Amino acid sequence: MSKAETGRLAAHVKGISKSFGDGGARLQVLKEIELEVRRGDITMLVGPSGCGKTTLISIIAGTLKADAGELQVLGQDLRKMSTAEITRFRAQHIGFIFQSFNLIPTLSCVENVSVPLLIQGVSASKAEKRAKEVLDQVGLGERTKHRPSQLSGGQQQRVAIARALVHEPELIICDEPTAALDAKNGHVVMELFEHVARGKDRAVLIVTHDNRIFHHANRIANMDDGRVVEIHDVDADNPPPEHLKHVERL
Ligand SMILES: Nc1ncnc2c1ncn2[C@@H]1O[C@H](COP(=O)(O)OP(=O)(O)OP(=O)(O)O)[C@@H](O)[C@H]1O
């Protein structure tokens, strides 16, 4: 691959393997995974429950270490960085949306969304202004003072999405970002991801079981039993194939 092509990649996963447990209880969850996540694209990772999707995105986000293989994220070799360096790198450049939202229960929406900016040293007033802007974009402009417990699951998910986008990270990684959303809000969120990925040349990597959003992907990577078994590039002439639409949670 040429240098220019490498520069287009937000993440390049080469031969990544990962096991959990020891001895007889050892389970190899990722088996020499190969994956390219391109800037400007929405890449979706699909596959049956337990095939290793969350494990893979956790490794790309730097929250989990691989056993073997190479990993470049935004041009950096994560395997050569210390834990402190990875934490700093992640706070600055990666927006992560967890399956369980991970909002701070004692903080309001606007305070939760401000957190990534405050970590970067942005002043509280500027952080709040920017957090309100993004909450507005996800349709929660009227809910800025509410605590997470006062919101529905779908609203909490949108707060988590706003928090992941607020500091304009170059790579956004999401575990089931539309699972708790109805069709209308799922559409709003996917349009926002498209705007971020294509308009600003960032990369969005989404783990999903949600058939309704497959047409927003540029590329769908189908995983099975710890391997990427199929890559499908989506465009007007190549819609998401029917067999991928039947990937169900077991
Ligand atoms: N910390 C851990 N310790 C032991 N086993 C683990 C750990 N994390 C994940 N696993 C196992 O690794 C396998 C893959 O899990 P993973 O969460 O990556 O799958 P997934 O494809 O994201 O599944 P789902 O679609 O249900 O979220 C599962 O068998 C799971 O039980």
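The structure displayed is predicted, hence computed values, not measured ones.

A.B. asks: Quick rundown of helix H6 (residues 153-165)? Include the residues and the values.
C.D. replies: Taking 1.5 Å per residue as the helical rise, H6 with its 13 residues ought to reach 18 Å, and the 19 Å between its terminal C-alpha atoms agrees with that figure. For H6, the buried fraction is high: eleven of the 13 residues fall into the buried class. Considered for burial, the residues of H6 that qualify are Gln155, Gln156, Gln157, Arg158, Val159, Ala160, Ile161, Ala162, Arg163, Ala164 and Leu165. Buried-residue contacts for H6 involve strand S6 (94-97), helix H4 (109-119), helix H5 (124-137), strand S7 (171-175) and helix H7 (183-200).

A.B. asks: Explain unusual backbone geometry residue by residue, including any values.
C.D. replies: Residue Leu74 is not a glycine yet carries a positive backbone phi of 50 degrees. Examined against the element boundaries, Leu74 turns out to sit in the loop between strand S4 (68-73) and strand S5 (76-77). Look at Leu74 and you get partly exposed, because 18 C-beta atoms sit within 10 Å. Although it is not a glycine, Asn102 sits at a positive phi angle of roughly 55 degrees.

A.B. asks: Go over the site of the ligand with me, naming the residues and quoting the values.
C.D. replies: Around the ligand, a shell composed of Phe20, Gly21, Leu27, Val29, Gly47, Ser49, Gly50, Cys51, Gly52, Lys53, Thr54 and Thr55 is seen. For the shell around the ligand, the elements supplying multiple residues, two or more each, are strand S2 (27-38) and helix H2 (53-60). Top contributing element to the shell around the ligand by residue count: H2, with three residues. Broken down by class, the residue content of the shell around the ligand amounts to four nonpolar, seven polar and one charged.

A.B. asks: Outline the confidence of the model for the protein chain, supporting the account with residue identities and numerical values.
C.D. replies: When pLDDT is averaged along the protein chain, the result is 90; 95% of the residues meet or exceed 70. Scored as a whole, the predicted complex attains pTM 0.90, and scored at its interfaces, ipTM 0.97.

A.B. asks: Tell me about the sheet that holds S7, and please be specific about residues and values.
C.D. replies: Across the sheet, six strands lie side by side as S6-S7-S8-S3-S9-S10; this open sheet has mixed pairing. Among the strands making up the open sheet, the edge pair consists of S6 and strand S10 (227-233). Ignoring which end each strand starts from, the neighbouring axes of this sheet average 15 degrees apart. Relative to S7, S6 is paired through four bridges, and the arrangement is parallel. Each bridged residue has a counterpart across the sheet, and for Gly95 the counterpart in S7 is Ile172.

A.B. asks: Before we move on, can you summarise H5 with the specific residues and values?
C.D. replies: The end-to-end C-alpha distance of H5, which contains 14 residues, comes to 20 Å, matching closely the 20 Å that a straight helix rising 1.5 Å per residue would cover. Next to the buried residues of H5 lie H4 and H6. Phi turns positive, to about 80 degrees, at Gly139, one or two residues after H5.

A.B. asks: Just give me the short version of the environment of His93, but keep the residues and values in it.
C.D. replies: Tracing the chain through its elements places His93 in helix H3 (residues 83-93). Classification of His93 by C-beta neighbours within 10 Å gives partly exposed; the count is 19. Placed 136 residues apart in sequence, His93 and Val229 show a C-alpha to C-alpha distance of 29 Å. With near-sequence residues (within four places) excluded, His93 lies in contact with Leu74, Pro169, Glu170 and Leu171.

Thresholds applied
Residues numbered from 1 in each chain as written. Predicted model: local features only at pLDDT ≥ 70, side-chain atom pairs only at ≥ 80, totals over all residues. Helix = DSSP H or I, 4+ residues; strand = E, 2+ residues; numbered from the N terminus. Expected span 1.5 Å × (residues − 1). Buried ≥ 20, exposed ≤ 12 C-beta atoms within 10 Å, placed from the backbone. Contact = placed C-beta atoms within 7 Å. Near = placed C-beta within 6 Å. Nonpolar A, V, L, I, M, F, W, Y, C, P; charged D, E, K, R; others polar. pLDDT = per-residue confidence, 0-100. Pairing = 2+ DSSP bridges. Axes fitted to C-alpha atoms, helices over the stretch in contact; angles between N-to-C directions.

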